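# Architecture and fold: a report
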Amino acid sequence: MPSLPSHAHVVIVGGGIVGCSVAYHLAKRGCTDVLLLERRQLTCGTTWHAAGLVGQLRATHNLTRLAQYTTALYEGLERETGQATGFRQVGSVAVAASAARFEELKRGASMARVFGVEVQILSPHEARERWPLLAIDDLVGAVYLPKDGRTNPVDTTQALARGARAAGVRIVEGVKVTAIHQAAGRVSGVATAAGDVRADVVVNCAGMWGREVGALAGVSVPLHAAEHFYIVTEPIAGLPADLPILRDADARSYFKEDTGKLLVGWFEPRAKPWAEDGIPEDSAFEQLPPDLAHIEPLFADAMRRVPALEAAGVQVFFNGPESFTPDDRYLLGEAPELPGFYVAAGFNSIGIQSAGGAGKVLADWIVDGHPPFDLWDVDIRRCAPFQRNRRYLRDRTVESLGLLYAMHWPFRQPQTARGVRRSALHDRLAAAGACFGEVAGFERANWFAAPGTEARYEYSYGRQNWFELSAAEHRAVRESVGLFDQSSFSKFVLKGRDAAAVLGRISANEVDVAVGRIVYTQWLNARGGIEADLTVTREAEDSYLIVGACATQTRDFNYLCRAIPAGAAAVAFDVSSAYAVLGLMGPDSRALLAQLTDADLSSSAFPFGSSRIIDLGYARVRASRITYVGELGYELYIPAEFAPGVYDALVAAGAACGLRLAGYHALNSLRIEKGYRHWGHDISDEDTPLEAGLGFAVAWDKPHGFLGREALLRQRETGVRRRLAAFALESSVPLLYHNEPIWRDGVLVGKVTSGMFGHTIGAALGLGCVARPGDEPITSEWIGSGRYEIEVAAERVPARVSLRPFYDPSGERVKR
Ligand SMILES: Cc1cc2nc3c(=O)[nH]c(=O)nc-3n(C[C@H](O)[C@H](O)[C@H](O)COP(=O)(O)OP(=O)(O)OC[C@H]3O[C@@H](n4cnc5c(N)ncnc54)[C@H](O)[C@@H]3O)c2cc1C
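Residues numbered from 1 in each chain as written. Predicted model: local features only at pLDDT ≥ 70, side-chain atom pairs only at ≥ 80, totals over all residues. Heavy atoms only, no water.

## Overview of the overall build of the protein
Helix and strand counts for the protein stand at 19 helices and 38 strands. Across the protein, the fraction of contacts at a sequence separation of at least 24, relative to all contacts at a separation of at least 6, is 72%. A total of about 29,700 Å² of accessible surface is found on the protein, and carbon and sulfur atoms cover 51% of it. If the 85 positive side-chain charges of the protein are averaged to one point and the 94 negative ones to another, these points end up 3 Å apart. (Helix = DSSP H or I, 4+ residues; strand = E, 2+ residues; numbered from the N terminus. Contact = heavy atoms within 4.5 Å. Areas by Shrake-Rupley, 256 points an atom, 1.4 Å probe, with all protein chains shown as cover. Lys, Arg positive; Asp, Glu negative; His and termini not counted. Charge placed at Lys NZ, Arg CZ, Asp CG, Glu CD.)

## Details of the packing of helix H2 (residues 61-81) against helix H5 (residues 153-166)
Between H2 and H5, the shortest axis-to-axis distance is 10 Å and the interhelical angle comes to 55 degrees. Of the possible angle classes, the one that applies to H2 and H5 is oblique. The element H2 and its partner H5 pack so that their crossing is left-handed. In contact with Leu73, Tyr74, Leu77 and Thr81 of H2, H5 contributes Thr156, Ala159, Leu160, Arg162 and Gly163. Class assignment of the residues belonging to the contact of H2 with H5 gives a composition of 5 nonpolar, 3 polar and 1 charged. (Axes fitted to C-alpha atoms, helices over the stretch in contact; angles between N-to-C directions. Parallel < 35°, antiparallel > 145°, perpendicular 65-115°, else oblique. Left-handed = near helix turned anticlockwise from the far one by under 90°. Nonpolar A, V, L, I, M, F, W, Y, C, P; charged D, E, K, R; others polar.)

## Topic: the sheet that holds strand E23 (residues 490-495)
Reading across from one edge, E24-E25-E26-E23-E27 is the order of the 5 strands in this open sheet, with antiparallel pairing throughout. Across the chains shown, the open sheet's two edge strands, defined by having one partner strand only, are strand E24 (518-524) and strand E27 (571-574). In this sheet, adjacent strand axes meet at a mean angle of 30 degrees when their direction is disregarded. (Pairing = 2+ DSSP bridges.)

## Quick word on the pairing of strand E34 (residues 741-744)
Of the two faces of E34, both are covered, the one formed by Pro741 and Trp743 as well as the one formed by Ile742 and Arg744. Of the strand pairs in this sheet, E34 and strand E35 (residues 747-758) are connected by 4 bridges, and their pairing is antiparallel. Counterpart to Pro741 in the pairing with E35 is Lys751. The sheet contact formed by E34 and strand E37 (residues 788-792) spans 3 bridges and is antiparallel. Residue pairing in the sheet places Arg744 in a bridge with Tyr788 of E37. (Buried < 20%, exposed > 50% of the residue type's maximum accessible area, 1.4 Å probe, protein only.)

## Observations regarding the sheet that holds strand E22 (residues 482-485)
Ordered in space as E29-E30-E31-E28-E22-E32, the 6 strands form an open sheet in which the pairing is mixed. Edge strands, defined here as strands with exactly one partner in the open sheet, are strand E29 (611-616) and strand E32 (660-661). Sheet topology places E22 next to strand E28 (residues 579-585); 4 bridges connect them, and they run antiparallel. Bridge pairing in E28 places Asp485 opposite Leu582. Against the sheet, helix H15 (residues 643-654) engages E22, E28, E29, strand E30 (619-624), strand E31 (633-639) and E32, with an angle of about 15 degrees to E28.

## Some words on the nonpolar core
Among the nonpolar cores identified, the biggest contains 46 residues, and Val10, Ile12, Leu26, Tyr74, Val203, Leu332 and Leu362 are the most heavily contacted of them. Contributing elements (two or more residues each) for this core: strand E1 (7-13), helix H1 (17-28), strand E2 (34-38), H2, H5, strand E11 (197-204), strand E19 (341-345) and helix H8 (351-368). Residues within four places of Leu26 in sequence aside, it is in contact with Val10, Ile12, Cys31, Val34, Ala363, Ile366 and Val367. Counting residues in each nonpolar core, the second largest holds 39 residues, with Ala692, Val720, Ile778 and Val797 among its members. (Core = buried A, V, L, I, M, F, W, Y, C linked by side-chain atoms within 4.5 Å.)

## A closer look at the pattern of salt bridges
This structure, assessed with the given rule, holds 49 salt bridges. The residue Arg722 makes a salt bridge to Glu691 at a minimum N-O spacing of 3.5 Å. Residue Arg722 is found in strand E33 (residues 722-729), and its partner Glu691 is found in the loop between helix H16 (664-673) and helix H17 (709-718); the two are separated by 31 residues along the sequence. Three or more residues joined by partner-sharing salt bridges are found here, namely Asp379, Arg381, Glu531, Arg555 and Asp685. (Salt bridge = Lys/Arg side-chain N within 4 Å of Asp/Glu carboxyl O.)

## Observations regarding H2
In this model, H2 (21 residues) spans 29 Å end to end at C-alpha, consistent with the 30 Å of a helix rising 1.5 Å per residue. Along H2, the helix axis deviates most sharply at Glu75, where the bend reaches about 35 degrees. Here the buried face of H2 lies against H1, strand E3 (53-54), helix H3 (99-115), H5 and H8. Gly82 sits one or two residues past H2 and shows a positive phi near 80 degrees. (Expected span 1.5 Å × (residues − 1). Bend = angle between axes of the 7 residues up to and from the residue.)

## With respect to the packing of aromatic side chains
Across all of its chains, the model carries 23 aromatic pairs by this definition. Residues Phe411 and Tyr737 carry aromatic rings whose centres are separated by 5.8 Å and whose planes lie at 80 degrees to one another, so their mutual orientation is edge-to-face. You can see Phe411 sitting in the loop between helix H9 (390-403) and helix H10 (426-431) and its partner Tyr737 sitting in the loop between E33 and E34, a full 326 residues away along the chain. Summarising the aromatic geometry, the rings of Tyr520 and Phe696 are spaced 6.3 Å apart at their centres and angled 25 degrees between planes, so their arrangement reads as stacked. (Phe/Tyr/Trp six-rings, centres within 6.5 Å; stacked < 30°, edge-to-face > 60°.)

Structural data, given as structure tokens:
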């Protein structure tokens, strides 16, 4: 047994490319008291058999930044460490065999432009010039990314390990971590057969073992292994060296030239989950039996694209396991369940191209105590605790492998492992024609089908089959009254003598208000960034109801719990499952509600921003006069078992006034018309309220201040460089989703953060963040004075801008 130190500041579990990258980057940050433990040999998990594709363009800006960083790192790693990596910047060509796929590629190309990734749109013939063996008869177009590349995963891992060792990191092979120790509410070390090691930080880089290593610490790491296939041909005569990587997502195939041979791999739509009962103890350099029947149809598609494959012999049929997560994004960051325990796992077949960036930002996160920028897409706090459920993971993994090459349709919903979390009203909504979408396992009505028609998405980049139905729901809310099931909201209670002080410290707005008041507030970090966006209702002197989004339930609750100082008389409960929420919204909502309650609903007795417990039907519910759609309306918080009764009463009474059930797509179009922000799209932990246009929700001078105030004050003095604004396209044909580039006077100044068609305004709308080039602070004059265009699928469309909401800018309708 190797001898281990009794203490290391950081222990990394797992010596794949990700663990070695974390070690390398910790050392770069000067953190060298690091011990990396690998149960067998470096790279013996999934890293050794990866195809080694290194692409740059990812779904979001920050993930693209990480992939770009990875490319730059690999490019110089050999020079720095003396260890060859095999990295070659050969570029990549992605081809489209349908108009929809070409639109997807062109939208991706537009996005690449915002992210600073070099990209060219090619005709089929131009694509063949770059890839001579390509069959192009059925191709519509292609894109070329010259800076993409390929690397040798084993050598690259060894280079990272060498760089880490040279800086003082200890890497020990043949030692398995068998337990994670905890003390005083945080991680305190690991156990191994070679003895215990005390540690301040433990990092789970255990790849497909990550779920089991997480379980040792009571931490949920939702990932599951699946079989993943490629073949390598015999040498192909005339195959040019250093061909770009070729991707044909319609054929679910990728192609890599490899010393005169072709490596061809697949992302098939129905994958084969592997090792449902846990990864075998002795698994190392695992090679699974080839499944020729499984890959035969994939092979046929690949041969159609590259006919030279027909004559080429196959040298290697490879099948190796890789881990996949329920949403196809990796898991990064400090686990909410255990301070000091970090995770970097579940890389969904892009671990080689992600490892450089992921290792860097995780090292920054560990050293600085916070992520260097918004990493919400991959933040482990997006996961719901149920997601470690094995059956759920197995069933979802069938689908998640193929998602990488599937059409990334707007509003696309998963098809597997559905129906996990349902509101108390689910069956009623289903009977009324609801088409459900899923967020963190929660089934939510997105739109309602017309009677006698099927509630099923027909996807496209244009107006989908639900467009007009959702428009009618939207109009009902604006003109009469609509009913939303918003039960998926996360709801917490903070209770105790010190509740007001605890909440006041993390809330930028004043929450020490009269009982019955509702406060819209952000929780900030010390840098002034928005950690959470919520409403807070003072239920009693010593009790608050805190309401946030479904997707941020784990994150927000964790933030709240960690904000309670030791010894404070305040306890937080997650009461999300206890209450259903109905949003009754629209100018007729008061009249409808009045039919079912004796409570005085007049604006003087029950003004905007107040909350009361009222009789409603046979129930007692909390009615809160707030809105996310910009109309008079009430959010009704109903103990779950009373919800069906209240719903039935509302629907029966609403028949006479045209009450219409409405879904989340209508909610989204309504809120974008009103300019209401959405955390995770429009705002994040790297945006401040001043940049987000939320300065009105900051109580600068409240008696005890708040976390982030000093940073905000500094920003108020110097002025902000970027600002969120509302945009409307002048043409009503293209639709906005997110990440579309924004041009001002011919200069790229920002991107759309969320988009939807606004049915009242009659235009495709977006919220978007724009930055003023140079050092001058951004001003409303500068924003208002430019000529704007938004780029959709490589075409620029004129747009108008506004810092105020397009709909009801003075907010009169809300306060009626
Ligand atoms: C066929 C195939 C092709 C691929 N092609 C590509 C590609 O072209 N581009 C790309 O970017 N990605 C690709 N990937 C994905 C890539 O290989 C993985 O995402 C990446 O290797 C994950 O690295 P990792 O360090 O997280 O995991 P691993 O390499 O599996 O490392 C985890 C390590 O943890 C160790 N470990 C586990 N438990 C313990 C414990 N208790 N104590 C100590 N050590 C422990 C394991 O032994 C293992 O070595 C491919 C994957 C497959 C299967």
